Amino acid sequence: MQQSHLTNYHDTGEVAGVDACPLLLVHGSGPGVSAWANWRGCIPILAERRRIVAPDMAGFGFTERLPGQVYDRAIWCRQLLDLMTALKVDKIDIVGNSFGGAIGLAFAIAHPDRVRRLVLMGSAGVSFPITPGLDAVWGYEPSLETMKGLLNIFAFDRALVTDELAELRYRSSIQPGFQESFSAMFPAPRQRWVDALASDEQLIGQLPHRALVIHGRDDKIIPLAASLRLHELLANSDLHLFARCGHWTQIERTSEFCALVQAFLAAD
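Please read all numbers here as calculations on a predicted model, not as lab measurements.

Structural notes on the pattern of salt bridges
Here comes step 1: For the structure on display, the rule yields 12 salt bridges.
Here comes step 2: For the salt bridge of D163 with K148, the shortest nitrogen-to-oxygen distance reads 3.5 Å. A residue pair is termed long-range when its members are at least 10 positions apart, and D163 in helix α7 (residues 163-173) and K148 in helix α6 (residues 144-154) qualify at 15 residues.
Here comes step 3: K148 sits in the partly exposed class, given a relative accessible area of 22%.
Here comes step 4: D238 is the salt-bridge partner of R210, the closest N and O atoms lying 3.9 Å from each other. Linking R210 in strand β6 (residues 210-216) with D238 in strand β7 (residues 237-242), this pair joins segments that are 28 residues apart in sequence.
Here comes step 5: By relative accessible area, R210 is classed as partly exposed at 23%.
Here comes step 6: Residue class for D238 comes out partly exposed when judged on its relative accessible area of 37%.

So, in structure tokens, the structure goes:
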């Protein structure tokens, strides 16, 4: 039996209404990423109407790193289930960004009764030919210049890629243990890790949950085709594309993204 991770997480806001359930935010897999780095702009807005739980996934951020840990979908799904158990949460809505979308999807397949609705944003979770952008992200070797280059791949709006942000993300990527676990997680050749994050398409197609699939039309990390395929497979899904937007939908279009998510979660 796998040992549980001591998970670093953010827990804020309140459940609004009898039928509301907590909203679980699952971050992506970029270098130096954490729940706060991914969701800091959205948490205050979404927490106005919901209890928000945003964990650092195993191998990322400040969650415990276990010696010799091999990371896979099963480990990350187990972490979410353990966190729900510890917080005494029976059912959640999930918003998953990129890697986080793949984990949210896998969690819904494994534990369909523990999920109410799914939001998949720039999501992995189906197989696709790895993009040069994703290969560069997973192949990151720490330097400030390399981080600046990656941020330019993430964002359509280059004005967001400031020296301050690059410095912040670079410093985060060289925290003790961060790069060691990150570089061990997605070694070359990296197409296999895209495939390892993909769930069985037949199982995806059997999910009854209402889902919202979101993608930046100019995303260079996860191809638009991945979201189109998820929308095709998920019979109860809506699809929203943001124009002039890259992989950072929640950062590039924060207010619109949050309004879209809130409306979807509140709809009958």
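Things to note about the layout of surface pockets
Here comes step 1: Empty space within the largest pocket amounts to approximately 190 Å³.
Here comes step 2: With 4 residues, α7 is the largest single contributor of residues to the lining of the largest pocket.
Here comes step 3: Counted by class, the lining of the largest pocket contains 5 nonpolar, 4 polar and 3 charged residues.

Let's talk about the nonpolar core
Here comes step 1: F60, W76, F107 and L118 are the most contacted members of the largest nonpolar core, which has 60 residues in total.
Here comes step 2: The leading source of residues in this core is helix α4 (residues 99-110), at 7 residues.
Here comes step 3: In this view, W76 contacts M57, A58, F60, Y71, F99, I103, M185 and L197; residues no more than four positions away in its chain are not counted.
Here comes step 4: Grouped together as the second largest cluster of nonpolar side chains are 22 residues, W39, F242, F257 and L265 included.

Observations regarding a nonpolar patch on the surface
Here comes step 1: Together, L228, L239 and L241 give the surface a local cluster of nonpolar side chains, amounting to about 210 Å² of exposed area.
Here comes step 2: Note on placement: L239 falls in strand β7.

Rules used in this analysis
- Residues numbered from 1 in each chain as written.
- Predicted model: local features only at pLDDT ≥ 70, side-chain atom pairs only at ≥ 80, totals over all residues.
- Heavy atoms only, no water.
- Salt bridge = Lys/Arg side-chain N within 4 Å of Asp/Glu carboxyl O.
- Helix = DSSP H or I, 4+ residues; strand = E, 2+ residues; numbered from the N terminus.
- Buried < 20%, exposed > 50% of the residue type's maximum accessible area, 1.4 Å probe, protein only.
- 1 Å grid on protein atoms, 1.4 Å probe; cavity = no way out; pocket = protein on both sides within 12 Å on 5 of 7 lines; lining within 4 Å.
- Points joined across faces, edges and corners; volume = space filled by probe spheres on them.
- Nonpolar A, V, L, I, M, F, W, Y, C, P; charged D, E, K, R; others polar.
- Core = buried A, V, L, I, M, F, W, Y, C linked by side-chain atoms within 4.5 Å.
- Contact = heavy atoms within 4.5 Å.
- Patch = residues over 30% accessible without salt bridge, like charges linked within 9 Å, V, L, I, M, F, W, Y side chains within 5 Å.
- Areas by Shrake-Rupley, 256 points an atom, 1.4 Å probe, with all protein chains shown as cover.

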